[in-house]
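The primary structure of each chain is shown beneath.
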Amino acid sequence: MNFIEPYNVHLYSMKKRMWYSCIAFAMVLVSAALLRAEPVHRDHVSIELVSDQSAARPGDTVTVGLKIQLEDEWHVYWTNPGDAGLAPRVKWNLPPGFVASPLQFPVPKRIPAGPLVSFGYDKELLLLSDIVIPSDFIPDSLFSFNAEVDWLVCKVECIPGDAVLSLMVPIVENGLAEATAWDEQFRLVRTKQAVEDTNWSVTASASKTNLQLIFTSKSERSSTIPSDLFFFPTKKGIIDNSAAQVLAKKERGFELTIPLNSMNTDTLTEISGLLVAENQWANEGTRTGLKFSAPATMLSSPTPIAFAAVEITWWQAILFAFVGGLILNLMPCVLPVLSIKVLSFVQQAGEGRKQILQHNAVFTLGVLVSFWILAAGLLLLRAGGEQLGWGFQLQSPAFIIILSSFMFLMALNLLGVFEVGTSLTGIGGNSRRSGLLGSFIAGVTATVVATPCTAPFMGSALGYSLTQPALISLAIFTALGLGMSAPYVILTSTPWLLRFVPKPGRWMETLKHVMGFLLMATVVWLVWVLSIQAGSDSILLLLATLLVLGLCAWILGRWGGYAVEQGKRVTAITAAVALALASVSLASFNVTPADSVASGMTQADGLTWEPFSPERVTELNGQGRPLLIDFTAAWCLSCKVNERVAFGSLDVQGKLSSLSVVTMKADWTSRDERITKALAEFGRNSVPLYVLYTGKTGQSPIVLPELLTPGIVIEALNKLEG
């Protein structure tokens, strides 16, 4: 027996394995240069294939990345590009047995371009694809992953591009693969992929105008809900990409209301897409998304039609807002504060043209600044998930106390209890020195008091504004402010008109006192509003505050005048201001809204009103019964005038009774998300709103004008008999 031969065979086998290992090791070293081929440069784009693995074995899955580098201000698109665009596409040229997954897109961002909004990416993008190597592939060889890629890159103009890319990866028998320099970037891009989370259940429903997504947490744990959520649908053309999406927080989740694309005619049976948070969703500090799919239920809510209502464009909304601002001066809400402007007309009649123009400019500035603050607050709160609308501040008992206190002090000033120069009203004294501040405060006050009212044309303009980008919304509110201040500017800037104003005299003192009592009447109305919002205890709290303010006014009138020596005057003013601020703050922080508005039937204006309930509306529509809904609020004087004039008419009451019309009152005095959402369904965010359901299958409800007369209501009711 040859004992040397087995040894030689064993030595030969070892040398062979070492040789293969050396080859494999050399291939891995060579692959460092091959795993990243040279980028291909096209117009504003650099593109290449990369991998996070230095080698692979038969049966492995290799992740290959399509790396796209973009110049500043240029972008490419997501799978749903939004209003315009085309997503990058790749066609793999692989031998039989290799399987490549579709490109994995990270969560996109919104890219506005004028009135359009696209979904995509800027700066750089890494799209991953998992490629499975067949288990019978021959190892110890270099394999080339080849891809044909095309894309569309846009700034203002768009440029299509294409390239043929390749990437060499060693296929080895033994596990010698190591992480490459791309490993960290691959890990990062995986954290930006949308994920499915079984903790959340999703229900979707759609009307003709809106998509409603309700996300409910299945666990008892408290889930943090970001305030910047946005829904990116998988399918193109479903939603209005540029419209605001309204987030409302719920006890164990949240609700997202999304305006639909008016051009889409497809019936929604399923909704899928990404719910993306700008700052945090699953991983802190990372832009992440929740991927979901849910069946969609179509709601049988016909689109409302108004007497002359049509869908409007942004420029029409601005025009309507300006006209609405003009008409707003004639609304009951603004009448109390008109006393200030009436008195200023008298004062300005004796001034020079330069002073008159200064007063007009400052008054207009006060109006505009107030509208801007209201618009910004409304948009920010709605973006944070709050269901709010026009006049939202008057739904706060604390604000009612502050406004009542302010109006009370203005009344005492007009009645002569105290004088602070003419800073509050711009009347008498050295108006050139202090009257400008009075004009500014007059503009602010007129705006604040006007917010409970909605003039004709305003409703559709304001409803439209909250579905648009911030700049368009602010433009609409600016037009509203300009319309409101325009009559004063025109009247006081026209010298021949001022000639009809009586010259200043002793009669002005009497007029000031009369106007002061009108402001007191406004305070009485606000006390009543507060009692509805916060109960009878709030009345005692407010009256005590007004008593303290009366004391403060007396202190100012007794020791705050210029005839008193400076030390006493400064002490009196400091004490009065401090006491006033303390009393108003104490009352504002301690008043609390009532638990709920009465839920039973109410009798008003000779009619029986049911409380508003969306479920009841659906029930009555299903039964084919006619229904009249009055969207109102205690702080809306226009609403109260309409109710007394129109619904208090015996002819209207008789017509409603003969047609068996159910009357329903949606009281928006205090904040109510259901009513806010119902207003939004009709393209409104303000009261008054009057909706008449005919009860006939297939017929849309009728929206009545903001100002009612018995004839208008009866004309609408006559349509039920047709």
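Values in this document were obtained by computation on a predicted structure and should not be read as measured data.

Rules used in this analysis
- Residues numbered from 1 in each chain as written.
- Predicted model: local features only at pLDDT ≥ 70, side-chain atom pairs only at ≥ 80, totals over all residues.
- Heavy atoms only, no water.
- Axes fitted to C-alpha atoms, helices over the stretch in contact; angles between N-to-C directions.
- Helix = DSSP H or I, 4+ residues; strand = E, 2+ residues; numbered from the N terminus.
- Parallel < 35°, antiparallel > 145°, perpendicular 65-115°, else oblique.
- Left-handed = near helix turned anticlockwise from the far one by under 90°.
- Contact = heavy atoms within 4.5 Å.
- Nonpolar A, V, L, I, M, F, W, Y, C, P; charged D, E, K, R; others polar.
- Disulfide = S-S within 2.5 Å.
- Buried < 20%, exposed > 50% of the residue type's maximum accessible area, 1.4 Å probe, protein only.
- Phe/Tyr/Trp six-rings, centres within 6.5 Å; stacked < 30°, edge-to-face > 60°.
- Lys NZ or Arg CZ within 6 Å of the ring centre and 35° of its normal.
- Pairing = 2+ DSSP bridges.
- Core = buried A, V, L, I, M, F, W, Y, C linked by side-chain atoms within 4.5 Å.

A. Representation of the packing of helix α16 (residues 650–658) against helix α18 (residues 710–718). One way to put it is that α16 packs onto α18 with a least axis distance of 9 Å and a crossing angle of 15°. Taken together, α16 and α18 sit at an angle that is classed as roughly parallel. Two packed elements cross with a definite hand, and for α16 against α18 that hand is left-handed. Where α16 approaches α18, its residues Asp 651, Val 652, Lys 655 and Leu 656 are matched on the opposing element by Pro 710, Val 713, Ile 714, Leu 717 and Asn 718. Tallied by class, residues from the contact of α16 with α18 come to 6 nonpolar, 1 polar and 2 charged.

B. Representation of the state of the cysteines within the structure. Following the criterion strictly, the structure yields 1 disulfide and no others. Note on cysteine connectivity: Cys 154 is disulfide-linked to Cys 158, with sulfurs 2.0 Å apart. Measuring the twist about the S-S bond at about 115°, one finds the Cys 154-Cys 158 disulfide to be right-handed. On the basis of relative accessible area, Cys 154 is assigned to the buried category, the value being 1%.

C. Inspection of the packing of aromatic side chains at higher detail. All chains considered together, the criterion is met by 14 aromatic pairs. Here the aromatic rings of Phe 215 and Phe 254 are separated by 4.9 Å at their centres, their planes lie at 15°, and the arrangement is stacked. Taken together, the residues span a long stretch of sequence, with Phe 215 in strand β13 (residues 210–217) and Phe 254 in strand β16 (residues 253–259) at a distance of 39 residues. Centroid distance Trp 609 to Phe 647: 5.4 Å. Interplanar angle 65°. Geometry classified as edge-to-face. Remark: Phe 647 occurs in helix α15 (residues 637–647) and Trp 609 occurs in strand β21 (residues 607–611); sequence separation between them is 38 residues. With respect to burial, Trp 609 and Phe 647 carry one shared label: buried. Members of the aromatic cluster, each reached through a chain of ring pairs, are Trp 200, Phe 215, Phe 231, Phe 254 and Phe 292. Here Arg 110 stacks its cationic end above the ring of Phe 230, 3.9 Å away from the centre of that ring. In this arrangement the basic side chain of Lys 665 is found over the ring face of Trp 609, its NZ or CZ atom lying 4.1 Å from the centre.

D. Geometry of the sheet that holds strand β15 (residues 246–250). The sheet built from 7 strands is open, its strands ordered β14-β17-β18-β12-β13-β16-β15 with mixed pairing. Looking at the sheet topology across the chains shown, the edges are occupied by β14 (229–233) and β15. Strand after strand, the sheet turns through a mean of 25° between neighbouring axes, direction not considered. Pairing of β14 with strand β17 (residues 270–277), which is carried by 5 bridges, proceeds in the antiparallel orientation.

E. Region of interest: the sheet that holds strand β2 (residues 45–51). Spatial ordering of the open sheet is given by β1-β2-β3-β9-β6, a layout of 5 strands whose pairing is antiparallel. A single partner strand is all that each edge strand has here, and the edge strands are β1 (40–42) and β6 (99–100). Across 9 bridges, the pairing between strand β3 (residues 61–70) and strand β9 (residues 124–132) is antiparallel. Considered in β9, the bridge of Gln 69 is made with Glu 124.

F. Broad picture of unusual backbone geometry. Residue Glu 73 is not a glycine yet carries a positive backbone phi of 75°. The topology assignment puts Glu 73 in the loop between β3 and β4 (75–82). Here Lys 123, not a glycine, exhibits a phi torsion of approximately 65°, which is positive. Looking at the secondary structure, you find Lys 123 in the loop between β8 (116–122) and β9. Of the residues examined, Lys 123 reaches a relative accessible area of 57% and is grouped as exposed.

G. Expanded view of the pairing of strand β12 (residues 200–206). Counting buried positions over the 7 residues of β12 gives 5, a clear majority of the element. Pairing geometry for β12 and β13, over 7 bridges, is antiparallel. Within the sheet, the bridge partner assigned to Val 202 lies in β13 and is Phe 215. The turn linking β12 back onto β13 is made up of 3 residues.

H. Examining the packing of helix α6 (residues 397–414) against helix α12 (residues 536–559) more closely. For the pair α6 and α12, interaxial distance at closest approach is 10 Å and the crossing angle is 35°. Considering the relative orientation of α6 and α12, their crossing is right-handed. Only Leu 541, Leu 542, Thr 545, Leu 546, Leu 549, Gly 550 and Ala 553 of α12 make contact with α6, whose side of the interface consists of Ile 401, Ser 404, Ser 405, Phe 408, Leu 409 and Leu 412. Of the residues contributing to the contact of α6 with α12, the split by class is 9 nonpolar, 4 polar and no charged.

I. Structural context of the nonpolar core. Core analysis: the biggest nonpolar cluster contains 77 residues, and Phe 612, Ile 629, Phe 631, Phe 647, Val 687 and Leu 692 have the highest contact counts within it. In terms of residue count, the dominant contributor to this core is helix α11 (residues 507–534) (10 residues). Residues within four places of Phe 631 in sequence aside, it is in contact with Phe 612, Cys 639, Ala 666, Ile 675, Ala 678, Leu 679, Val 687, Pro 688, Leu 689 and Val 691. Within the second largest apolar cluster, 44 residues are counted, among which are Trp 74, Val 107, Leu 125 and Leu 274.

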